[in-house]
Amino acid sequence: QVQLVESGGGKVQAGGSLRLSCAASGRIFIINAMGWYRQAPGKQRELVVTVTTDGTTNYAESVKGRFSISRDNAKNMVYLQMNSLKQEDTALYYCNAQIRTGLGYQWDEYWGQGTQVTVSS
């Protein structure tokens, strides 16, 4: 019914930049918060950043000042600009969104399949 599809991952050298995109599609009535999470090998999935419909953001301390989230509500898209990348940013990055599929329906949480970001020295 609802799909989140990420794109933009890849390999980059430390200090470089990447821009991730996430498109939400399907039976969408309204989207609340959208965001990005990541999971490195052997570690738990962790918050990177979220953004609400009014633009309020919540960044992980480790990415503050380097990463920037933005969203296009008309297109149901969210973006993550990642600058000054470090090796420790290497992870599978997941898009997340809180979505209602109809008027009066509950909020459900949806995840993309992830896009790999690899930062080399």
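Residues numbered from 1 in each chain as written. Predicted model: local features only at pLDDT ≥ 70, side-chain atom pairs only at ≥ 80, totals over all residues. Heavy atoms only, no water.

1. Observations concerning the state of the cysteines
Taken as a whole, this structure holds one disulfide when the rule is applied. One disulfide in the model links Cys 22 with Cys 95; its S-S distance is 2.0 Å. Judged by the sign of its S-S torsion, about -85 degrees, the cystine formed by Cys 22 and Cys 95 is left-handed. With Cys 22 in strand S3 (residues 18–26) and Cys 95 in strand S9 (residues 91–100), this residue pair connects regions lying 73 residues apart in the sequence. (Disulfide = S-S within 2.5 Å. Helix = DSSP H or I, 4+ residues; strand = E, 2+ residues; numbered from the N terminus.)

2. With respect to the pattern of salt bridges
For the structure shown, the criterion picks out four salt bridges. Residue Glu 61 pairs with Lys 64 through a salt bridge whose shortest N-O separation is 2.7 Å. The class of Glu 61 is exposed, set by a relative accessible area of 63%. In this structure, a network of salt bridges that share partners links the residues Arg 38, Glu 46, Arg 66 and Asp 89. (Salt bridge = Lys/Arg side-chain N within 4 Å of Asp/Glu carboxyl O. Buried < 20%, exposed > 50% of the residue type's maximum accessible area, 1.4 Å probe, protein only.)

3. Examining the nonpolar core
With 31 residues, the main nonpolar core has Trp 36, Phe 67, Leu 80, Met 82 and Tyr 93 as its most contacted residues. Residue assignment for this core shows that the elements contributing at least two residues are strand S1 (2–7), S3, strand S4 (30–39), strand S5 (46–51), strand S7 (67–72), strand S8 (77–82), S9 and strand S11 (115–120). (Core = buried A, V, L, I, M, F, W, Y, C linked by side-chain atoms within 4.5 Å.)

4. Observations concerning unusual backbone geometry
Of note in this structure, Asn 76 is not a glycine but carries a positive phi near 55 degrees. Here Asn 76 shows up in the loop between S7 and S8. What makes Asn 76 partly exposed here is its relative accessible area of 23%. For Ser 84, which is not glycine, the phi dihedral falls at a positive 50 degrees.

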